Amino acid sequence: MADVTGVAETAGTAATAEATEATEARGVADAVRAAEVSAAVAEADEWRRVVAVTGAADRAAAEAGVRLAYRLAGLDEPERVEWVASPREAVARVLAAPPGERGASVRDAVRSRPWAAERDAWHAAVGRAAWSAHWQRTGGRLWDTTRTLTERIATGVVAELAAAPEEEAAVRLALLDAVHGQHDAPWLAAFGTADGRLAGLAAVARSAGWWWPYEKVALVAERPTELHRDEAGRLDRGDGPALAFPDGFALYAWRGMPVPAAFLDELGSLTPQRIRAEENAELRRVMLEFNGYDRYLEESGARPSGRDETGVLWRIDLADDEPVVMVEVVNSTPEPDGTHRTYWLRVPPRTRTARQGVAWTFGLTEESYAPALET
């Protein structure tokens, strides 16, 4: 019996040791992953800056990153790296090149597969729920505005290069070959890129704009020369291009809405008659916002449609569009100079009283709106 007990004790000791080693190993692995998570969160702020960088690319660093990305993908380096001034020029060059000059696209090997492998590694290490939370702390903070920006650029390229409907498919296919460089920042922020399989992609993103990897040649675009956005991250400029590249490729926008370049030229001389004459409802809204609702009401001789203790209700009827309904309210707290500031609150077209409109801005019904102190 003593022998059996001794064997059991020995086995138990070994099992305990193995369990301890396994626990320690898991602890080390968890610590390593925790450090990676912490580093990625800290790095997210850097990638926010990268998205907004304008000016000349660091060509030497970008080209080194391109060649590293090929090597990490198990590919031969491209025979040459060619520079273009914008995504538009890159697509035009792709479409004009003779078949076989560039070789096949290697985007899948250079970008898609490494990213999928990195994502799967994170899922396996931390679980999908933890990954989701990590994404929200890192890449998710950049995703919406950056994705919108890349979509706008692609739309602009299609608009300029696809003169006929049958040409659009070819342009879009060429755009699918692109790696988005600095605009891949959301994913790079989430994964962390100090080293590993994404190091080449990260190096290009920090140094240049979009790029096109092919077997024989990589086309790399310069970064924008100008980028203007509002507080919500939307393209926004009233006196020129909101986004511009060195070759003149540009996008014009007002608070995120695309507008023709010529449209901006007349914003400084708007009249109520010109605003009413605009047939495009979206452009008419831009005119109203730029001009100012209060100024439009004053210059058009509008009259209030309602008045109560909360403010004045104004209504602007527009052809082929829903009416613009505003509540004019006066801040009861005086400014330092003793004056009282007036605010204009846009409310739903169905609003029938100023009180109802003010209540709506607080998410309340007119009956339940009863402020204890108005400010």
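Our subject is the structure that appears above.
These numbers come from a predicted model, not from an experiment.

About the criteria used
- Residues numbered from 1 in each chain as written.
- Predicted model: local features only at pLDDT ≥ 70, side-chain atom pairs only at ≥ 80, totals over all residues.
- Heavy atoms only, no water.
- Salt bridge = Lys/Arg side-chain N within 4 Å of Asp/Glu carboxyl O.
- Buried < 20%, exposed > 50% of the residue type's maximum accessible area, 1.4 Å probe, protein only.
- Pairing = 2+ DSSP bridges.
- Helix = DSSP H or I, 4+ residues; strand = E, 2+ residues; numbered from the N terminus.
- Axes fitted to C-alpha atoms, helices over the stretch in contact; angles between N-to-C directions.
- Contact = heavy atoms within 4.5 Å.
- Nonpolar A, V, L, I, M, F, W, Y, C, P; charged D, E, K, R; others polar.
- Phe/Tyr/Trp six-rings, centres within 6.5 Å; stacked < 30°, edge-to-face > 60°.
- Parallel < 35°, antiparallel > 145°, perpendicular 65-115°, else oblique.
- Left-handed = near helix turned anticlockwise from the far one by under 90°.
- Expected span 1.5 Å × (residues − 1).
- Core = buried A, V, L, I, M, F, W, Y, C linked by side-chain atoms within 4.5 Å.

Before going further, it helps to examine the pattern of salt bridges. Across all of its chains, the model carries 22 salt bridges by this definition. Residue D120 is joined to R119 by a salt bridge in which the shortest nitrogen-to-oxygen separation is 3.7 Å. Looking at D120, the relative accessible area reads 42%, which means it is partly exposed. A residue is classified by how much of its surface remains accessible, and R119, at 33% relative accessible area, is partly exposed. Each of the salt bridges in this network shares a partner with another, and the network as a whole consists of R80, E82, E89 and R93.

So, about the sheet that holds strand β4 (residues 226–227). Strands sit in the order β4-β5-β6 across an open sheet of 3 strands; the sheet is antiparallel. The sheet is open, and its two edges are formed by β4 and β6 (250–251), each paired on a single side. Relative to β6, strand β5 (residues 243–244) runs antiparallel, the two being bridged by 2 bridges. Looking at β6, one finds that L243 is bridged to L251.

The subject of this paragraph is the packing of helix α5 (residues 128–137) against helix α6 (residues 140–161). Two quantities define a packed helix pair, namely the angle between the axes and the distance from one axis to the other. Running from N to C, α5 and α6 point in directions that differ by 60 degrees, and their axes come no closer than 4 Å. Across the interface between the two elements, W135, Q136 and R137 of α5 pack against G140, R141 and W143 of α6. Residues of the contact of α5 with α6, tallied by class, amount to 2 nonpolar, 2 polar and 2 charged.

Counted under the stated rule, the structure contains 12 aromatic pairs. Look at W115 and F191: their rings are 6.1 Å apart centre to centre, the planes differ by 80 degrees, and that puts the pair in the edge-to-face class. Of this pair, W115 sits in helix α4 (residues 107–126) while F191 sits in helix α8 (residues 185–191); the two residues are 76 residues apart in sequence, bridging distant segments of the chain. When its relative accessible area of 4% is taken as the criterion, F191 is described as buried. Measuring from ring centre to ring centre gives 5.7 Å for W131 and F191, while their planes differ by 20 degrees; the resulting arrangement is stacked.

So, on to the packing of helix α3 (residues 87–96) against α6. Between α3 and α6, whose axes approach to 9 Å, the crossing angle comes to 50 degrees. Here α6 runs oblique to α3, going by the angle between their axes. Regarding α3 and α6, the two cross each other, and that crossing is right-handed. Together, P87, R88, V91 and A92 of α3 and I153, V157, E160 and L161 of α6 make up the contact between the two elements. Class assignment of the residues belonging to the contact of α3 with α6 gives a composition of 6 nonpolar, no polar and 2 charged.

What follows covers the environment of G55. When you line up the elements, G55 lands in the loop between α1 (2–52) and α2 (59–72). Judged by relative accessible area, G55 falls into the partly exposed class, the value being 23%. With 169 residues separating them along the chain, G55 and P224 place their C-alpha atoms 6.2 Å apart. Beyond its immediate chain neighbours, meaning those up to four positions away, G55 contacts E222, R223, P224 and T225.

Now for the sheet that holds strand β9 (residues 306–308). The antiparallel open sheet is built from 4 strands, whose spatial order is β9-β10-β11-β12. Edge positions in the sheet fall to β9 and β12 (342–347), since each of these pairs with one other strand and no more. Neighbour-to-neighbour, the strand axes of the sheet open up by a mean angle of 20 degrees, direction not taken into account. Looking at chain direction, strand β10 (residues 311–316) and strand β11 (residues 324–330) are connected through 5 bridges and run antiparallel. Following the sheet pairing, I316 is matched in β11 by V324. Packed on one face of the sheet, helix α14 (residues 354–361) meets β9, β10, β11 and β12 and runs near 80 degrees to β12.

Helix length check: α6 (22 residues) gives 32 Å between terminal C-alpha atoms against 32 Å at 1.5 Å per residue, within 8%. Among the residues of α6, those classed as buried are L142, T146, L149, T150, R152, I153, A154, G156, V157 and V158.

Our next topic: the nonpolar core. Counting 33 residues, the largest nonpolar core has W47, V66 and W211 as its most contacted members. Among the nonpolar cores identified, the runner-up in size contains 28 residues, and V91, I153, W212 and L219 belong to it.

Here R255, not a glycine, exhibits a phi torsion of approximately 50 degrees, which is positive. Turning to its location among the elements, R255 is positioned in the loop between β7 (253–254) and β8 (257–258). For R255, a relative accessible area of 38% corresponds to the partly exposed category.

With respect to the helices and strands, Y214 occurs in the loop between β2 (211–213) and β3 (217–221). Taking the C-alpha atoms as reference, Y214 lies 5.9 Å from R102; in sequence the two are 112 residues apart.

Interpretation in functional terms is not warranted from these geometric data alone.
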